[in-house]
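Chain by chain, the residues:
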Amino acid sequence: MPKDYDDQRAGDLIPVKLSRLTRRGILLGLSLSQLVALGMGVTTLVWAFYAGGGMLIAFSAPVWLCAAAVVWIRIAGRPIVEWIPVAFWWMWKTTGGQLLYRRRVVKPRPAGSLALPGDMARLREYDDPTTGAGMVHDPTASTLTAIVAVSHPAFALLDPGEQERRVSSWGRVLATVCRSGRLSMLQVLERTLPDSGTGLAEWWASHGNADGSWASTTYAELIDRAGPAGERHATTLSLSLDMQTAARQIRTAGGGIRGAAAVLRQEMSTLVAALRSADLAPSSWLTCGEIAVILRSAYDPAVAATLERHGELGQSLATAGPVAVNESWSRLRTDSAFHAVLWISEWPRSMVYPGFLAPVLLSTGIQRSFSLLCTPMRSDQAARDIRKKKTEYISDAAQRQRIGQLEDASQTAEFQDVLQQEADLTAGHGVLRYTGLISVSARTADDLDAAVAAIEQAAIQASCETRLLVGQQAQAFTAAALPLCRVV
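Residues numbered from 1 in each chain as written. Predicted model: local features only at pLDDT ≥ 70, side-chain atom pairs only at ≥ 80, totals over all residues. Heavy atoms only, no water.

1. Overview of the overall build of the protein
Put simply, the rule is: Each helix is a run of DSSP H or I of at least 4 residues and each strand a run of E of at least 2, with the numbering of both proceeding from the N terminus. Exposure is judged per residue with a 1.4 Å probe applied to protein chains only, and the accessible area is read against the type maximum: over 50% gives exposed, under 20% gives buried, and values in between give partly exposed. Two residues qualify as a contact provided that any one of their heavy atoms is within 4.5 Å of a heavy atom in the partner residue. The method behind every accessible area is Shrake-Rupley, applied with a 1.4 Å probe, and residues are considered shielded solely by the protein chains displayed. Charge counting treats Lys and Arg as positive and Asp and Glu as negative, with His and both chain ends excluded. To locate a charge, the coordinates of NZ of Lys, CZ of Arg, CG of Asp or CD of Glu are taken.
In terms of helices and strands, the protein carries 17 helices and 15 strands. Principal-axis analysis of the C-alpha atoms gives the protein an extent of 100 × 70 × 50 Å. When the 488 residues of the protein are sorted by exposure, 41% land in the buried category. Taking contacts inside the protein between residues at least 6 apart in sequence as the whole, the part at least 24 apart equals 76%. For the protein, the exposed area adds up to about 25600 Å²; of that, 59% sits on carbon and sulfur atoms. The distance from the centre of the 47 positive side-chain charges to the centre of the 45 negative ones in the protein is 8 Å.

In structure tokens:
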């Protein structure tokens, strides 16, 4: 290739290939639950064969046939045995009345707690006096979370050279997150909000000619009465401190929630510096009131524009939660909307450019939240995990060769992904585990079905595979739509 041609393409975007979702099991591609079910079936068949022969084998057929069925028959891409815990947990919630939530208006909540349903009722708020940031403490998971809003130029409108530079800068931000080993999760939440018209009102206040004329008065009244006429995008980064991993630093800083806040402030400063070096514009860390508005807008989208237009409303975490929540098998209903959460079960398998999610993120007319949960791994833990995976892949390949089973191309691709991760780790890059969730909201159930279908089609255009998280919509919604670093 001529040198001048190489120089011409030096600033072009570089396509990358994402790691596949591992489908490797403990033995011959079978997971632990599949091995247990298969072992029960084989044990029953062997016992019947030695104890009574043909007649006893026929009587025990329902046992070993059911075991084979739950191991090998798949529903929605998953074996039946993996649906058993989901169905059992759903039945437990149904019989225990955990599918319905109603706010107890006359019963005050404990001071400092968040008015949220389910297991999020244990969350506590902490107002950091040093930075003014609102921090969310989970005493059960031992995490402390802070949230910052980030503004950025439209990535799709930048030239390829600038896009490549920003992608490299974002990679350095993620490497910075992985370096300390004290963070449990970094969440990137990108959500669409109805445009309340505050920008137009601010422009009229600063540039308008309020001379009392008929035209000026009419124009001011139209701006004042303007409701949501479009949509805008808002991005937040949530940083969660693992208080167990950082226990020594917390004790050194004074212990307790104040010591944890001091340690988290160090991580917050590091993240802000990394974001600014990546040409991103982080705002001040969100206060408890600003976090309350985000939570209220997620559960009650109908009042999102009103809360934005009147900044004094909804500024309390004690009342930011929903009034009512109804969970069904495939959707969630809250105060003023229906919600459904999709999981990105498969990232693109082919070479893609950094803006491959544009069909999903730039979809118009759909109220949705895209959440990317990044779980960092320390370098030593990542190295041990990679060595373990390599050993298991090599052992499984030897076992398959011994029994005459052909090598699957997907297994070879997964092994190549492990080798690539090892090369990246050796080159100094951080290792993160990514989970992509998409929460779709609509006013009616029919509108929700249409919006989900549109998002699924957009995901196909982005070369991604999505699945509806049935039986766990309430927990998935908290992870996909709320910036609290929750897990599913």
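2. Quick word on the pairing of strand β6 (residues 143-151)
Rules: Two strands qualify as a pair provided DSSP detects at least 2 bridges between them.
Across the nine residues that make up β6, a large majority, seven, are buried. One ladder, built from three bridges, connects strand β5 (residues 134-138) with β6; its direction is antiparallel. Its bridge partner lying in β6, H137 is registered against L144. In this antiparallel pair of consecutive strands, β5 and β6, the connection spans four residues, and S142 shows a positive phi of 55°. For β6 and strand β9 (residues 281-285), the ladder comprises three bridges, and the chain directions are antiparallel. Residue pairing for β9: V148 is matched across the bridge by W285.

3. Remarks on the pairing of strand β10 (residues 324-327)
Because side chains alternate across β10, one face comprises the buried residues V325 and E327, and the other comprises A324 and N326, none of which is buried. Taken together, the three bridges between strand β3 (residues 100-102) and β10 define a ladder with antiparallel strand orientation. Looking at the pairing, L100 lines up with N326 of β10.

4. Some details on the side chain of R191
Within the fold, R191 resides in strand β7 (residues 183-194). Setting aside residues up to four positions removed in sequence, R191 forms contacts with R232, H233, A234, I294, R368 and S369.

5. Describing the packing of aromatic side chains
The description of two aromatic rings rests on the distance between their centres and on the angle between their planes. The test is simple: Ring geometry is summarised as follows: Phe, Tyr and Trp rings, the Trp one being its six-membered ring, pair when their centres sit within 6.5 Å, and such pairs are stacked at plane angles under 30 degrees, edge-to-face over 60 and tilted between the two.
All told, the structure shown has four aromatic pairs when counted by the stated rule. Between F49 and Y50, the aromatic rings sit 5.4 Å apart at their centres with planes inclined by 90°, giving edge-to-face as the arrangement. A residue is classified by how much of its surface remains accessible, and F49, at 53% relative accessible area, is exposed. An angle of 85° between the planes, with centres 5.4 Å apart, marks the rings of W90 and W329 as edge-to-face. Of this pair, W90 sits in helix α5 (residues 80-95) while W329 sits in the loop between β10 and β11 (332-333); the two residues are 239 residues apart in sequence, bridging distant segments of the chain. Residue classification places W329 among the partly exposed positions, given a relative accessible area of 34%.

6. A short note on the packing of helix α6 (residues 160-180) against helix α10 (residues 256-277)
Two measures define how a pair of helices packs: the angle their axes make with one another and the distance between the axes. What counts is decided by this rule: Geometry is summarised by axes, namely lines fitted to C-alpha atoms with helices restricted to the contacting stretch, and by angles between N-to-C directions that run from 0 to 180 degrees. Should an angle lie under 35 degrees it is considered roughly parallel, over 145 roughly antiparallel, and from 65 to 115 roughly perpendicular; all remaining angles are considered oblique. Handedness of a crossing is defined here by the sense of rotation of the near helix relative to the far one, left-handed for an anticlockwise turn of less than a right angle and right-handed for a clockwise turn. Basically, the charged four are Asp, Glu, Lys and Arg, the nonpolar ten are Ala, Val, Leu, Ile, Met, Phe, Trp, Tyr, Cys and Pro, and anything else, Gly included, counts as polar.
In contact at an axis separation of 9 Å, α6 and α10 are set at 165° when each is read in the N-to-C sense. One element, α6, and the other, α10, form an angle in the roughly antiparallel class. As for how α6 packs across α10, the hand of that crossing is right-handed. Of the residues in α10, those touching α6 at S169, W170, V173, T176, V177 and S180 are E267, T270, L271, A274, L275 and S277. In terms of residue class, the contact of α6 with α10 is made up of six nonpolar, five polar and one charged.

7. Focus: the packing of helix α2 (residues 32-51) against helix α4 (residues 61-72)
It is the contact of α2 with α4, at a shortest axis distance of 8 Å, that shows an interaxial angle of 160°. Considered as vectors, α2 and α4 are oriented roughly antiparallel to each other. Considering how the two elements wind past one another, α2 and α4 form a crossing that is left-handed. Between α2, through Q34, A37, L38, G41, T44 and L45, and α4, the contact on the second element is made entirely by V63, W64, A67, V70, V71 and W72.

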